[in-house]
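# Coordinate analysis (summary)
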Amino acid sequence: MSRLEAKKPSFCKSEPLTSERVRATLCVLKGILTSSYGPSGRLKQLHNGLGGCVCTTSQSSALLANLSVTHPILKILTTSMQNHVSCFSDCGLFTAILCCNLIENDQRIGLMPTTVIKVNKHLLSLCTSYLQSEFCGCRILVDFSSTQTLLCLVRSIVTSKPACMLTRQEIDHISALILRAFLLTIPENTKDCLLLGKSIIVPLKGQRVTDSTVLPGILLEISEVQLMKILPIKKSDTFKVALFCASLSGDLSDTGEGTVVVSSGVSLENAVLDQLLNLGRQLVSDHIDLVICQKVVHPSLKQFLSMHRIIAIDRVGAALMEPLSKVTGTQPIGSLGSISPSSYGSVKDLCTEKFGFKHFLHLIPNEATICSLLLCNRNDTAWDELKLTCQTALHVLQLTIKEPSVLLGGGCTETHLAAYIRHKICNEPESILQDDGCTQTELQLLTEAFCSALESVAGSLEHDGGEILTDMKYGHFWSAQPESPSVVDWPDLLSRCGCGLYTSQEELHWSFLKSTRHPFVPQTCLPHEAVGSANNLTLDCFTAKLSGLQVAVETANLILDLSYIIEDKN
């Protein structure tokens, strides 16, 4: 009889945030995230000590997915950030760094958690109301009659991913391709509901980034042997297509717990092959030009179809089935029996393409919102990062269609928002003091902690020891070269603010970001001429950043409110 161990009691820890170990762990996590933030963020290499893939990245989705955390507080924080990124794709590092800053600043003050949480909620409400208001000084409405704003938004996303290893020319090329790919997914004729199509990213590693391109329709990779078997087909009308989700390999499907009864003298292989050939004869009689199968096509069926000038492409995979169905207008066929004519579809044209060392069959649609983004990069690591970046940018563009606004990037939204909140609380503290029951001193301390957390996120963009400042008119973020002289004429050292909207020649006054200064009201209502004249703005996704702000504050409040951690060690 095996020996039974006595059940261990659960481990209970009160006031977990008072532990030096927890604070040190949070500080390490914050350091990892902060040093990865922005266009000049430092890359992180994540790998398992036992072997496996090595991930080189600075993106939040890859970092959080590959970081192994064990402490319950860190798990709350990372899980919350991962949920945000899974929904919005962007602003993951912003959310995580702001959350860490809030926890650190509020812990340093040492007030009761209930007071801290109430004030944080009120300050968050002020932020969201301001960002959504018409007079917000850091929000730009997207003009869809021009692609300028959307291109700036995409370029900002691509620029902020240094692990893609792109030059300025390559950034411009990829940004234009991403925007073009997105525009191809928008249907020309829309009714009440806009239903976007899909951009399929096709890998081509080991090629120049500038060889990347966008094509309408779908590219199906084929071997050189398949290419030689595809005879040039010219037709005046469309090409008829059959799409199979069932296997055409001739293998018997899993019978589960049942049995298959085979009569004496009957060959299962021959019976199945006869069934496949009968299917081939039906496809020939229905004048099919192209057969596409998600799984495997039997060699004999392939040969039969080829003899009748029907192209057969197999092993396309499950991921392409939905786009193929949309492009061709087919209904995926799931059986080997009689096929309804309504299951067939068509494409406008078929042609073969060669990009780099790969061959493709190009399905050109009649009218479809599916396109292929042929993505190139020099090596596997850089390509993986670029693919993730393109997926993020395409998702952000979809979010921008739903909410046609963008926020100023480069740290300017954070510093502008901090200036607005400071001025608002300094001049109108009564509402919070009445609602939340805190003193004037507590309110000032918590407001400063909140605003300092926002400004610290902006300050995280500077990784080279440069001076970080804010102007006293717009409340924007500015960065100067390191080792600036003690007595300096700032307009000579500064060129443009973080978002690129304002220049240093505008008779501005600056203050160091972390210095004590009198609250001022930042100029609101962005001038249209200023926005229109700036061709290279740094922008952030409005929906993703607003959600990130809310998630950061709510997660920080949740962690600050923890009184006990109870762990079952069995």
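Just so you know, these numbers come straight off a predicted model, no measurement behind them. (Residues numbered from 1 in each chain as written. Predicted model: local features only at pLDDT ≥ 70, side-chain atom pairs only at ≥ 80, totals over all residues. Heavy atoms only, no water.)

Attention now goes to the overall build of the protein chain. Tallying secondary structure elements over the protein chain gives 18 helices and 20 strands in all. With the C-alpha coordinates aligned to their principal axes, the bounding extent of the protein chain is approximately 95 × 80 × 45 Å. Out of the 570 residues in the protein chain, the part that is buried amounts to 49%. Taking the contacts inside the protein chain whose residues are at least 6 apart along the sequence as the reference set, 75% of them involve residues at least 24 apart. By element, 51% of the accessible surface of the protein chain is carried by carbon and sulfur atoms, the whole surface being about 28200 Å². Averaging the locations of the 46 positively and 55 negatively charged side chains of the protein chain gives two centres separated by 6 Å. (Helix = DSSP H or I, 4+ residues; strand = E, 2+ residues; numbered from the N terminus. Buried < 20%, exposed > 50% of the residue type's maximum accessible area, 1.4 Å probe, protein only. Contact = heavy atoms within 4.5 Å. Areas by Shrake-Rupley, 256 points an atom, 1.4 Å probe, with all protein chains shown as cover. Lys, Arg positive; Asp, Glu negative; His and termini not counted. Charge placed at Lys NZ, Arg CZ, Asp CG, Glu CD.)

Backbone-to-backbone hydrogen bonds join strands into a sheet, with any given pair of strands oriented parallel or antiparallel. Across the sheet, which stays open at both edges, the three strands sit in the order β7-β13-β12 with antiparallel pairing between neighbours. Of all the strands in the sheet, the pair left with one neighbour each is β7 (218–222) and β12 (349–355). This sheet shows a mean twist of 30° between the axes of neighbouring strands, independent of strand direction. Direction of pairing for β12 relative to strand β13 (residues 358–364): antiparallel, over a ladder of seven bridges. Considered in β13, the bridge of E353 is made with F360. Its contacts with the sheet put helix α11 (residues 321–328) on β7 and β13, and the angle it makes with β7 is roughly 120°. (Pairing = 2+ DSSP bridges. Axes fitted to C-alpha atoms, helices over the stretch in contact; angles between N-to-C directions.)

As summarised here, the arrangement of the three strands in space is β17-β16-β18, forming an open sheet in which the pairing is antiparallel. Across the chains shown, the open sheet's two edge strands, defined by having one partner strand only, are β17 (477–479) and β18 (510–512). Strand-to-strand, the axes of this sheet are offset by a mean angle of 40°, without reference to chain direction. Sheet topology note: the strand β16 (residues 468–471)/β17 ladder contains three bridges and is antiparallel. Looking across to β17, one finds that T470 is bridged to F477.

What follows covers the nonpolar core. One finds L77, L98, I103, L131, I178, L408 and L549 to be the most contacted residues of the largest nonpolar core, which totals 117 residues. By residue number, the principal contributor to this core is helix α18 (residues 542–560), which donates ten residues. Each of domain 1 (12–138 + 408–568) and domain 2 (143–216 + 375–403) contributes no fewer than three residues to this core. The residues touching L77, leaving out its near neighbours within four places in the chain, are L26, L29, C99, C100, I103, T555 and I559. L220, V241, L324 and L374 belong to the second-largest nonpolar core, a separate cluster that totals 30 residues. (Core = buried A, V, L, I, M, F, W, Y, C linked by side-chain atoms within 4.5 Å. Domains from an automatic or database assignment.)

Counting through the fold element by element, S58 comes out in the loop between β3 (54–57) and α2 (60–66). For S58, a relative accessible area of 2% translates into the label buried. If sequence neighbours within four positions are ignored, S58 has contacts with S36, R42, L43, L63, L93, S160, P162 and E385.

On to the environment of A176, then. Residue placement: A176 occurs in helix α7 (residues 168–184). Put simply, A176 and L397 are 221 residues apart on the chain and 13 Å apart in space, counted from C-alpha to C-alpha.

Tracing the sequence through the fold places Q282 in helix α9 (residues 268–285). The residues contacting Q282, other than those within four sequence positions of it, are G337, S338, I339 and Y344.

Moving on to helix α12 (residues 380–402). Each turn of an α-helix holds 3.6 residues, which means side chains three or four residues apart point in the same direction. Taking 1.5 Å of rise per residue, 23 residues should cover 33 Å, and α12 covers 34 Å from first to last C-alpha, within 8% of that figure. The backbone nitrogen of T381 lies 3.2 Å from a side-chain oxygen of the residue at the head of α12, namely N379. (Expected span 1.5 Å × (residues − 1). Polar contact = N/O pair within 3.5 Å; in protein donor to acceptor, adjacent residues only side chain to side chain.)

So, on to the domain arrangement of the protein chain. According to the domain assignment, the protein chain contains domain 1 (12–138 + 408–568), domain 2 (143–216 + 375–403) and domain 3 (218–253 + 264–367). Here the C-alpha centroids of domain 2 and domain 3 sit 30 Å apart. With both chains or domains summed, domain 2 and domain 3 bury close to 980 Å², and 72% of this area falls on carbon and sulfur atoms. It is L204, L215 and P216 that lose the most area in domain 2 upon contact with domain 3, and together they represent 43% of the buried surface on that side. (Buried area = accessible area lost by both parts, 1.4 Å probe.)

Within the structure shown, the criterion is met by 15 salt bridges. Between R155 and D172 there is a salt bridge; the shortest N-O distance is 3.2 Å. With R155 in helix α6 (residues 148–159) and D172 in helix α7, this residue pair connects regions lying 17 residues apart in the sequence. Exposure remark for R155: the relative accessible area of 13% places this residue in the buried category. One salt bridge connects E414 with K545, and the closest N-O pair in it is separated by 2.9 Å. Highlighted residues: E414 in helix α13 (residues 412–427) and K545 in helix α18, separated in sequence by 131 residues. Taken as a pair, E414 and K545 share a single burial class, namely buried. When salt bridges that share partners are traced, they join K30, E104 and R108 into one network. (Salt bridge = Lys/Arg side-chain N within 4 Å of Asp/Glu carboxyl O.)

As a further point, take the packing of helix α1 (residues 20–34) against helix α4 (residues 92–109). Between α1 and α4, whose axes approach to 10 Å, the crossing angle comes to 145°. In terms of crossing hand, the pair formed by α1 and α4 is left-handed. In contact with R23, L26, K30, L33 and T34 of α1, α4 contributes L93, A96, I97, C100, N101, I103, E104 and Q107. Considered class by class, the residues forming the contact of α1 with α4 number seven nonpolar, three polar and three charged. (Left-handed = near helix turned anticlockwise from the far one by under 90°. Nonpolar A, V, L, I, M, F, W, Y, C, P; charged D, E, K, R; others polar.)

The tally for this structure, following the rule as stated, stands at five aromatic pairs. Ring geometry for Y130 against Y420: centres 3.9 Å apart, planes inclined by 15°, an arrangement best described as stacked. Placement of the pair is Y130 in helix α5 (residues 113–131) and Y420 in helix α13, with a sequence separation of 290 residues. Note on Y130: relative accessible area 1%, which makes it buried. With 6.1 Å between their ring centres and 55° between their planes, F355 and F360 make a pair best called tilted. (Phe/Tyr/Trp six-rings, centres within 6.5 Å; stacked < 30°, edge-to-face > 60°.)

A few words on the packing of helix α3 (residues 72–88) against α4. A pair of packed helices is characterised by two quantities: the angle between their axes and the separation of those axes. The geometry of α3 relative to α4 is characterised by a closest axis approach of 9 Å and an angle of 150° between their N-to-C directions. As the angle between them shows, α3 and α4 are arranged roughly antiparallel. As for how α3 packs across α4, the hand of that crossing is right-handed. Side by side, α3 and α4 meet where L77, M81, H84 and V85 of the first sit next to G92, T95, A96, C99, C100 and I103 of the second. The residue inventory of the contact of α3 with α4, partitioned by class, reads seven nonpolar, three polar and no charged. (Parallel < 35°, antiparallel > 145°, perpendicular 65-115°, else oblique.)

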